[in-house]
Amino acid sequence: MSEALQPPRWSGALLRRASRRLRTPDLADDAAEIFAEIAGREGARAARRWYRRQARAALARALFDHRRPRVSRRSGWPRGLQFDVKLGTRMLLRYPGLTFVAGLAIAFAIFVGAALFEFIAQTLPGSHLPLPHGERVVGLRYRQRTQTTSAPLRPGDLSAWRDEIASIEKVGAFRTVTRNLIGEDGADAAVETAVMSAAGFELAATPPALGRVLIDADAARDAPPVVVLGHRVWRSRFHADPAIVGRAVRIDGVQTTIVGVMPEGFGFPIAHDLWMPLRLDDASDDAIAGLKMFGRLKPDATIDIAQAEIDALTRRRAISDPARYANLIGQVQHYRESLFERPITLMFRVVIMQLNVFAALFLMLVAANVGLLMFARAAGRERELAVRSALGAGRARIVTQFFVEALVLAATATTVGLAAVGPGLEWLSWQIIAMGGGHPPFWFRTAVSGPTALYSAGLALFAAVVAGVPPALKATGRGLQPRLAQGSGSGGLRFGGTWSAVVITQIAATVVFTAGALLMVRQAQRSGSMDVRFPAGEYLTFQVSIDDGKASGESYATMLRELQRRLGDAGGVSGVAIADRLPLMVHPSRGVEVDSGDASAIVDGAPADQEVSLAAVDDGFFDVFGAPIVAGRRFDASDNGSNARTVIVDTFFVEQILGGRNAVGRRIRFTDWHDPDAPPAWHTIVGVVRDLETDRPGSLHLDEPPMPVVYRPLFRNLASDAVRVAIHATGHDRLRSTLQRTASAVNPSLRVQEVGTLDDIASGEVAFWRFWAKLIFLVSSVAMTLSLAGIYAVMSFTVARRTREIGVRVALGGRAPRIIAEILRGPIAQVAGGIAAGCVLVFIMLWTMTARPMSMIDLASLLGLGAAMTIICTLAGLGPMRRALRVQPADALHVEQ
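*Asks:* Outline the overall build of the chain, listing residues and values.
*Replies:* Helices and strands together make up the secondary structure of the chain, namely 27 helices and 24 strands. By element, 59% of the accessible surface of the chain is carried by carbon and sulfur atoms, the whole surface being about 41600 Å².

Below is the structure:
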């Protein structure tokens, strides 16, 4: 270094003195390197001014720390943290684009994790209920020793547990039924009803909004029928009439007095809207299906104490009545766990909670991409980091600063994400209700709980570590000063293999999510435009059911035939069909095996063993839907005998399974998946009907052939208490208002539910697929935004590091297309790798879910998606290149690298 370019000696002495006071490496040497850099660029005078300022600042800091050593040691970390927070906030405001994109991504990831955690916490069985002393509410049940399912309870069990268990109070029981509620205006509706003992209201300790709750006297045999309304029913059916108490309504044809209305949000035992008294005959010995018992532990009792009492009670009853109780085990469980038919094992809990792993992985991917953006920003701050390092800031100090910046960003994003959890859960619950999933249980809340807030704080800390620490370690690695001296040479910051893997992974995830969203949209379009061979809008459908024990299979069949006759006599009705499943509905599927008694059972050299859809229909089903019999005959009365084993197949069955051969007289049997060793019964095909649908709901491939349908006689073994009725008629509005009255005239216990047209069934399928399409599209949009931001960051970083090279090549006559192609080659390779990986993942998922090779439509969709992603990512990289090419060669030579 020449004499003119030497730094001031007295300033160097100050720096060496400060180094000794601060106990750091010699600051004068580092400052001399920076002095030379500034002198070569701006002149010796500017370099000397800078050198003197640094010397004075270093000495002042050394003197301050020397005079107050104890104070600095005790309060330096909080002061430093406060400074880091301020600087981190300032840096976020300095880069609003990065802050917005990165903050939105982390907020969405936190929202997904927190909402999933809250939903799982409220869904899994637990001890807490939003009731007074809800942590002590328990469920009681019997189960068979050799089984895990509940054993039916008898009336005597309730009185025995209530009288002989000293550690449990407020013992009661309930069963869930559906009742026909007919108001004063004659309108009817099926309502979920809790037939419950009065102890349930005593346990819940929730005062009614109007009137009173059920009391023990209401359960007396000669007591008049009474009902308590839920808030939803009171508001929707009775327009929130404050004078409703004392009025009479008809429930299943019985005149019933309204005695009270419960407040909004009350739904104990689960999510009920009506409460009627549970009347049990203690002298009866009949088991009651669906009866569940509950109670509350006394303040000084535990579940273990109660379990010991129940075990003793069960042993005593086994001695007095071994035939009934010898093989039973009494159980006391947390209330929510008792509502599950099978016990919730530890493995099940672990599997459910592992869903949070998905949220953590998604957050890690998001945070890694945010780290990519922060690393690209760190490249522009390389000189700042070098100066801080020269002034004594160690690597740990700089890494801490980066971490705090990421923590400030994550904390802000967490606040936004948690604010969206409540509305998100509420939207999810309404979507489930709209799709017919019923109302959520009364303990379900959309507010963020304390554990969820702590979990989200942990996620934010995790995101800050992933997004802040690796970029800082990369930026401060291998020495800052040598890189500063080398400028834009090979020693500068560069993206390594880790960041390339982040970009590739992000793009692959974008392809997977986007492909999933497109698949759901296609499925919704398919369900909405399903091709059928009958006018679906002309068929009014509804579900009819009856409570268990109200009728046997034979008497229920008689009721259905009478209902069919009365509906057929109504004006404008051209036909009434009854079945367990109707066209356009998702049918249960079973494997089918064709009798291989001759060579005709061989199709394309393989046994005909495929899946088919099953439907049980009445004798006139095909005439009502206009489906002609193309071979054989229809069902008749002889097919409803208990020994009859006859079926009718559609033309798809003949084409796909029998290869177009004759079907009438052939035998088939259904694969019994539950007991593969037991030989299933053979069924004889007596007819072939023209197919009713040319498509199948639920298929993942648009070009898949429809699933063949096998029809069985409905009334041969009528085991279901709920079937579907289809009425081909005009004037649906008039029919809707008379359906429940007609059913009640046949039997007051018959319930009419889910009234609509067959078009409404297809609309429900569309709503289901659109719901999932919305969710996946939202996730894919975030992934796409991050991918574009990552590509933009990579390109901006790459172009910024090579701006001087671009200027030189332009000055030497280099053509812009060639320069662009060479610089874009690396990022485009990353994009191509991510797209290829995503397509492979989509292919594997489709193969796993369908066990079929990828269709041409799926392949074309993937290729189109890959091409679109390539074009979008290329456009994201052209912006920085365009700005770099506009820089004049003379200016590019003076760009700091």
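Picking up where we left off.
*Asks:* Any chance you could break down the nonpolar core for me, citing the residues and the numbers?
*Replies:* If you look at soluble globular proteins, the nonpolar side chains tend to sit buried side by side. Counting residues in each nonpolar core, the largest one holds 41 residues, and the members touching the most others are Ile-106, Val-366 and Val-370. If you list the elements that add at least two residues to this core, you get α5 (96-123), α13 (355-380), α15 (395-434), α16 (450-476) and α18 (497-528). Broken down by element, this core gets its largest block of residues, 12 residues, from α5. Counting 27 residues, the second largest nonpolar core, distinct from the first, contains Tyr-556, Leu-718, Val-725 and Ile-727.

*Asks:* Can you explain helix α22 (residues 732-746)? Please cite residues and give values.
*Replies:* Note: α-helices contain 3.6 residues per turn, so residues at a spacing of three or four share the same orientation. Relative to the 21 Å expected for 15 residues at 1.5 Å per residue, α22 spans 21 Å between its end C-alpha atoms, a close match to the ideal helical length. Regarding α22, the residues found buried are His-732, Leu-735, Leu-739, Gln-740, Thr-742, Ala-743, Ser-744 and Val-746.

*Asks:* Describe the pattern of salt bridges, and please don't skip the residues or the numbers.
*Replies:* As enumerated under the stated definition, the model contains 16 salt bridges in all. A salt bridge links Asp-157 to Arg-317; the nearest nitrogen and oxygen atoms lie 2.9 Å apart. A residue pair is termed long-range when its members are at least 10 positions apart, and Asp-157 in helix α6 (residues 155-164) and Arg-317 in helix α9 (residues 303-320) qualify at 160 residues. Of the two residues, Asp-157 and Arg-317, neither departs from the other in class, the shared state being buried. When the shortest N-O distance is used, the salt bridge between Asp-623 and Arg-634 registers 3.0 Å. Placement of Asp-623 in helix α20 (residues 621-624) and of Arg-634 in the loop between β18 (629-632) and β19 (646-650) is noted, with a sequence separation of 11 residues between them.

*Asks:* Give me the lowdown on unusual backbone geometry, citing residues and values where you can.
*Replies:* In this chain, Phe-268 is followed by Pro-269 through a cis amide linkage whose omega measures 15°. On the secondary structure map, Pro-269 appears in the loop between β8 (254-261) and β9 (274-277). Located in the positive-phi region is Ala-205, a residue other than glycine, with phi close to 55°. Along the chain, Ala-205 falls in the loop between α7 (199-204) and β5 (210-211). Even without being a glycine, Ala-240 presents a positive backbone phi close to 55°.

*Asks:* Explain a nonpolar patch on the surface residue by residue, including any values.
*Replies:* Judged by side-chain polarity, Val-357, Leu-361, Met-364 and Phe-462 come together as a nonpolar surface patch covering roughly 330 Å² of accessible area. On the secondary structure map, Leu-361 appears in helix α13. Classification of Leu-361 as partly exposed rests on a relative accessible area of 49%.

*Asks:* Give me the lowdown on the pairing of β8, citing residues and values where you can.
*Replies:* Relative to β8, β5 runs antiparallel, the two sharing two bridges. In the strand pairing of β8, Leu-210 is matched with Val-261. Summarising the sheet, strand β6 (residues 226-229) and β8 pair through four bridges and their orientation is parallel. Considered in β8, the bridge of Val-228 is made with Gly-260. In this structure, strand β7 (residues 248-251) lies alongside β8, joined through four bridges in antiparallel fashion. Of the residues in β8, the one forming a bridge with Ala-248 is Thr-257.

*Asks:* Tell me about the pairing of β7, and name the residues and values.
*Replies:* Covered by surrounding structure in β7 are Val-249 and Ile-251 only, the residues Ala-248 and Arg-250 on the alternate face being uncovered. Direction of pairing for strand β3 (residues 168-182) relative to β7: antiparallel, over a ladder of two bridges. Directly across from Ile-182, in β7, lies its bridge partner Arg-250. Connecting β7 to the next strand, β8, in antiparallel fashion are two residues, including Asp-252 with a positive phi near 55°.

*Asks:* Give me the lowdown on the packing of aromatic side chains, citing residues and values where you can.
*Replies:* All told, the structure shown has 17 aromatic pairs when counted by the stated rule. Seen from their ring centres, Phe-117 and Tyr-455 are 4.4 Å apart, and the 15° between their planes marks the pair as stacked. Linking Phe-117 in helix α5 with Tyr-455 in helix α16, this pair joins segments that are 338 residues apart in sequence. Centroid distance Phe-268 to Phe-442: 5.9 Å. Interplanar angle 75°. Geometry classified as edge-to-face.

*Asks:* I'd love a proper account of the environment of Asp-595, names of residues and values included.
*Replies:* As for its placement among the helices and strands, Asp-595 is situated in the loop between β14 (589-594) and β15 (602-603). Distance in space between the C-alpha atoms of Asp-595 and Ile-668 is 5.7 Å, their sequence separation being 73 residues.

*Asks:* Requested: an account of a positive patch on the surface, with residues and values cited.
*Replies:* Residues Arg-45, Arg-49, Arg-53 and Arg-56 make up a contiguous surface patch of positive charge. With respect to the helices and strands, the residue Arg-53 is situated in helix α3 (residues 44-67). Taking the relative accessible area as the measure of exposure, Arg-53 reaches 48% and is therefore partly exposed.

*Asks:* Can you lay out the environment of Arg-724 for me, pointing to particular residues and giving the numbers?
*Replies:* Position of Arg-724 relative to the elements: it lies in strand β23 (residues 722-729). We classify Arg-724 as buried; its relative accessible area is 11%. Separated by 181 residues in the primary sequence, Arg-724 and Gln-543 place their C-alpha atoms 4.6 Å from one another. With sequence-adjacent residues up to four places away left out, Arg-724 is seen in contact with Thr-541, Phe-542, Gln-543, Ala-577, Ile-578, Ala-579, Asp-580, Leu-582, Met-585 and Glu-754.

*Asks:* Requested: an account of the side chain of Ser-197, with residues and values cited.
*Replies:* On the secondary structure map, Ser-197 appears in the loop between β4 (188-196) and α7. Given the relative accessible area of 13%, Ser-197 is considered buried. What Ser-197 contacts, discounting residues up to four positions off in sequence, is Gly-172, Ala-173, Leu-278 and Phe-294.

*Asks:* Lay out the packing of α6 against α9 with the relevant residues and their values.
*Replies:* Running from N to C, α6 and α9 cross one another at 130°; their axes reach a closest spacing of 11 Å. Taken together, the axis directions place α6 and α9 in an arrangement best described as oblique. For the pair α6 and α9, the sense of crossing is right-handed. Residues Gly-156, Asp-157, Ala-160, Trp-161 and Glu-164 of α6 pack against Glu-309, Ile-310, Leu-313, Arg-316 and Arg-317 of α9. Looking at the contact of α6 with α9 residue by residue, the classes come out as four nonpolar, one polar and five charged.

*Asks:* So what's going on with α9? Residues and values would help.
*Replies:* With 18 residues, α9 extends 26 Å between its outermost C-alpha atoms, agreeing within 8% with the 26 Å of an ideal straight helix rising 1.5 Å per residue. When we look at burial in α9, the residues that qualify are Ala-306, Gln-307, Ile-310, Leu-313, Thr-314, Arg-317 and Ala-318. Buried residues in α9, looked at end-on, bunch into an arc of 140°, giving them a common side. α9 presents Asp-304, Arg-315 and Ile-319 as exposed residues on the side facing more than 90 degrees away from its buried surface. Buried-residue contacts for α9 involve β1 (137-144), α6, β3, β10 (292-297), α10 (322-325) and β11 (328-334).

*Asks:* Go over the environment of Ala-109, please, and point to the residues and values.
*Replies:* Within the secondary structure, Ala-109 is located in helix α5. On a C-alpha basis, the gap between Ala-109 and Ala-359 in space is 7.1 Å, while along the polypeptide they are 250 residues apart. When neighbours within four sequence positions are excluded, Ala-109 is seen to be in contact with Phe-362, Leu-363 and Val-366.

*Asks:* Could you give an account of the confidence of the model for the chain, with specific residues and numbers?
*Replies:* The predicted model of the chain has a mean per-residue pLDDT of 75, with 68% of residues at 70 or higher. For the stretch residues 598-608, pLDDT sits under 50, and the model shows 22 contacts to residues farther than four places along the chain or on other chains. The low-confidence segment residues 696-703, where pLDDT is below 50, has 31 contacts with residues more than four positions distant or belonging to other chains.

What counts and what doesn't
- Residues numbered from 1 in each chain as written.
- Predicted model: local features only at pLDDT ≥ 70, side-chain atom pairs only at ≥ 80, totals over all residues.
- Heavy atoms only, no water.
- Helix = DSSP H or I, 4+ residues; strand = E, 2+ residues; numbered from the N terminus.
- Areas by Shrake-Rupley, 256 points an atom, 1.4 Å probe, with all protein chains shown as cover.
- Core = buried A, V, L, I, M, F, W, Y, C linked by side-chain atoms within 4.5 Å.
- Buried < 20%, exposed > 50% of the residue type's maximum accessible area, 1.4 Å probe, protein only.
- Expected span 1.5 Å × (residues − 1).
- Salt bridge = Lys/Arg side-chain N within 4 Å of Asp/Glu carboxyl O.
- Patch = residues over 30% accessible without salt bridge, like charges linked within 9 Å, V, L, I, M, F, W, Y side chains within 5 Å.
- Pairing = 2+ DSSP bridges.
- Phe/Tyr/Trp six-rings, centres within 6.5 Å; stacked < 30°, edge-to-face > 60°.
- Lys, Arg positive; Asp, Glu negative; His and termini not counted.
- Charge placed at Lys NZ, Arg CZ, Asp CG, Glu CD.
- Contact = heavy atoms within 4.5 Å.
- Axes fitted to C-alpha atoms, helices over the stretch in contact; angles between N-to-C directions.
- Parallel < 35°, antiparallel > 145°, perpendicular 65-115°, else oblique.
- Left-handed = near helix turned anticlockwise from the far one by under 90°.
- Nonpolar A, V, L, I, M, F, W, Y, C, P; charged D, E, K, R; others polar.
- Arc of directions from axis to C-beta.
- pLDDT = per-residue confidence, 0-100.

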